[in-house]
Amino acid sequence: MRADTANLRRRSDGSNSTASRVYNRTRARFVPVAVGLAAAVCAPALHAQQTYDVIVRDARILDGTGNPWVRADIGIRGDRIAAVGRIDAAAASVVIDGTGLYAAPGFIDTHSHAGSGLASAALSHARPLLAQGVTTVIVNPDGGGPIDLRAQRDALTADPLGVNVGLLVPHGSVRRAVIGMHDRAPDADELERMRGLVRAGMDAGAFGLSSGLYYAPGSYATTEEVIALASVAAEYGGVYQSHLRDESDYTVGVVAALDELIRIARDARIRSVATHLKALGPHLWGYSGALITRIERARAAGIEVFADVYPYEASSTGVIGALVPRWAIEGGWERLQDRLRHPGDRERLRRAVVANLERRGGPHRLVVTNYVPDSTIGGQDLASLAAARGLEAADLVLTLLEAGDAGLISYNMSPDDVAGLLAQPWTMTASDGLLVLPSDRVHPRSYGTFPRRIRAFTLERGISSLAEAVRSMTALPAAVFGIHDRGILRPGAYADVVLFDLETLSDPATFDDPHQLATGVRYLIVNGRLALDDGRFAAPGHGVVLDARAR
C-alpha cells in the first residue's frame with residue numbers, strides 16, 4: 001500500500017493532518033438532517049428474505065456527511081436505496097463486490113457549463129462526467145444560459161441523459177432580454193419584467209438565481225437590482241450563486257466584491273454561494289485569508305454564505321472576459337468593433353489591455369484554447385504569439401478581437417490560496433467545466449476535477465480527510481442547493497452511488513492533453529442503474545432533470 005494512501009486512511013478515521021489544522025480554523029458541519037448511517041450499520045442483519053435490484057457488498061461506506069467510513073452493504077430497489085447495513089443473505093439480480101472499494105454518494109458539481117453539451121445528441125451521455133463519479137450537475141452558472149427553462153428541460157431530455165441536471169435562472173440572460181447590453185439601471189417596469197422572468201424560471205423548477213457580475217451585461221447591474229431579483233428566488237427557497245463582481249482588482253477588488261455577495265445574502269434573505277472563489281493574479285496571492293475571514297464573520301452573524309472552488313491554479317475564460325474592460329463591450333459586439341476602429345477608443349482600450357495583462361501576471365501566463373478564425377494558434381501563449389508576429393502583446397490582443405473572441409487558460413492563482421479555500425468546511429467542490437467534443441481544446445477541469453480534489457489535495461497535500469473531501473462533493477452541495485434525497489447514502493435516498501479504488505483514482509487530463517478520462521471509478525449508479533460497470537461504460541441515459549419544486 002502506498003504510504004500516502006495509508007496516511008489518508010488514518011486521517012479518515014478521525015485525525016487531522018498538520019495541513020488540515022493550518023487550513024481549517026473550524027470543523028463546523030453543515031449537513032442535511034438524515035437517518036444516521038451509524039445506526040443502520042450497527043443494527044442486526046436485515047431480514048434474510050429481502051430481495052433487491054442491486055446489492056453492493058462489503059464496501060467502505062462514506063455516507064457523505066463527513067463521518068469516517070464504515071464497512072457495510074447497500075441494497076437498491078428501483079431508483080432508491082432500500083438498505084444500508086448487513087444484508088448478507090439477501091439476493092439481487094446485480095451484485096457488486098465492493099471489497100477494497102469506497103462507496104460514496106454520486107458527486108455533485110455545483111458549477112458546470114455542461115448544459116449545452118448535455119442537450120446535444122453527441123454529448124448527452126456525459127462520459128467525461130461519469131468517469132469522475134459525477135451523477136449531478138448544476139448548470140446555467142455565471143448568469144449565462146437560457147431564460148426559458150421549460151424549453152431547456154425539453155432539450156436536455158430529447159436524448160438519453162447521462163447525469164442528473166439542476167437548473168439555475170441566469171441573471172445576465174434575464175437582463176439582456178429586457179435591457180440588452182446597455183450600461184444603465186432598469187426603470188420600474190423593466191425591473192418588474194426581470195422579476196417576472198426570474199419567477200417564471202423558479203416556477204419551472206429552478207434551484208435559484210445565478211449571476212456573473214464580472215461579465216457584461218451582469219456587470220452593469222447595481223447591487224440593488226440583484227437584491228430585487230434574488231429576493232424572488234428567495235421566496236421559493238432558492239439559492240443565489242454568483243461569479244463575484246471582481247476576483248482581482250479590476251474594479252472594486254475581490255474583498256469588496258465578496259462583501260457585496262454577503263450584503264445580497266443578508267438583504268435578500270437568501271442562501272448565497274461565492275462560486276469558483278479565488279484570489280486572481282500574483283499581486284493578490286495570499287488574499288484567501290481575508291476572504292475566509294469575511295465568510296466566517298458573515299456566517300457567525302447568521303448570514304448563509306458558502307463557496308465552491310475548483311482544484312486548479314489556472315482559470316479559463318475568453319480574451320473579452322480576461323482583458324477587455326466592460327465599457328468597451330457596452331452595446332454589444334458591433335459596438336466593440338466600432339471602438340476598435342476609432343483611434344481614440346482603440347488607444348484607450350489598448351491601455352486597459354496592457355494593465356489587464358499585467359494584472360494576470362503577463363502574457364506568458366495566458367494560453368489560447370480556441371480561436372475560430374485561426375485554430376492553429378490553440379495551445380500557444382500570448383507572449384509567444386506576439387513575438388512571432390513582431391507585435392506587442394496588447395496589439396496582438398486587439399488584432400485577435402477584430403476577428404473574434406479567443407478562449408484563454410490563465411495561470412493566475414497561488415496553490416496555497418487554492419488549498420486554503422478548498423479546505424474550508426463551507427466550501428464545495430465544483431469544476432466550472434465544459435462538455436465539448438474532443439476536437440475542441442478545453443481546461444482539464446472538465447475531465448479531472450473530482451479525482452483531483454481527492455488525489456492532489458487530500459492524499460498528497462493532506463488538506464482534509466477523505467470523508468471531508470467527499471462531503472464537499474455530496475451532502476454539502478445537496479444541502480446548500482436543497483437537492484432533496486441526494487448527496488447522502490441512507491435508506492430512502494436516491495440511488496446515486498460511486499464506488500472508487502483509492503489506489504488508482506486519478507486525473508490524467510493535462511493542459512496539453514485535456515481529453516483524458518479520469519481513472520479509478522469502478523462502478524457508478526445513477527438513479528439505481530449502472531452507468532459504469534467495473535470501469536466500463538454501461539447503457540447511457542439514467543439521468544433526469546431535477547425539479548426544485550419537489551423538495
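Quick look at the structure, then. All residue numbers refer to positions counted from 1 along the written sequence of the respective chain. Where totals are concerned, whole chains, interfaces and linings use all residues; where local detail is concerned, this predicted model gives features only for residues with pLDDT of at least 70, and gives and counts side-chain atom pairs only at 80 or more. The basis for every side-chain value is the complete set of heavy atoms in the structure, and neither hydrogens nor water enter the calculation.

Moving on, we come to unusual backbone geometry. For the peptide bond that leads from Ala216 to Pro217, omega is 5 degrees, which places it in the cis range. The way it works is that DSSP assigns letters per residue, a run of H or I at least four long becomes a helix, a run of E at least two long becomes a strand, and they are numbered from the N terminus. Checked against the element boundaries, Pro217 lands in the loop between strand 11 (208-212) and helix 9 (223-235). Positive phi is not limited to glycine here, since Ala126 has a value of about 65 degrees. Checked against the element boundaries, Ala126 lands in the loop between helix 4 (115-118) and helix 5 (127-130). When its relative accessible area of 0% is taken as the criterion, Ala126 is described as buried. Relative accessibility decides the category of a residue: with a 1.4 Å probe and only protein chains considered, values under 20% of the type maximum give buried, values over 50% give exposed, and everything between is partly exposed.

Once that is clear, we can look at the nonpolar core. Within this scheme, the nonpolar core is defined by two criteria: the residues are buried Ala, Val, Leu, Ile, Met, Phe, Trp, Tyr or Cys, and they are joined through side-chain atoms within 4.5 Å. Residues Leu118 and Phe500 are the most contacted members of the largest nonpolar core, which totals 108 residues. At nine residues, helix 10 (residues 254-268) tops the list of elements feeding residues into this core. A contact between two residues is defined here by any heavy atoms of the two lying within 4.5 Å. Excluding residues that lie within four positions of it along the chain, Phe500 makes contacts with Leu62, Leu101, Tyr102, Ala104, Phe107, Ile454, Leu466, Leu505, Gly520, Val521 and Arg522.

Tracing the chain through its elements places Thr275 in the loop between strand 13 (271-274) and helix 11 (288-300). With relative accessibility at 1%, the residue Thr275 sits in the buried group. Only 2.9 Å separates the side chain of Thr275 from the side chain of Asp308, close enough to count as a polar contact. Among all residues touching Thr275, those that are not within four sequence positions of it are His111, Asp142, Gln241, Ser242, His243, Glu247 and Asp308. For this analysis, a polar contact is any N or O atom pair within 3.5 Å, provided that within protein one partner can donate a hydrogen and the other can accept it, and provided that sequence-adjacent residues contribute only side-chain to side-chain pairs.

Time to look at the sheet that holds strand 18 (residues 427-429). Ordered in space as 10-11-12-13-14-18, the six strands form an open sheet in which the pairing is parallel. Two strands lie at the open edges of the sheet, namely strand 10 (169-170) and strand 18, each paired on one side alone. Here strand 10 pairs with strand 11 via two bridges, running parallel. Counted as the bridge partner of Val169 is Leu209 from strand 11. Pairing between two strands is assigned when DSSP locates at least 2 bridges connecting them.

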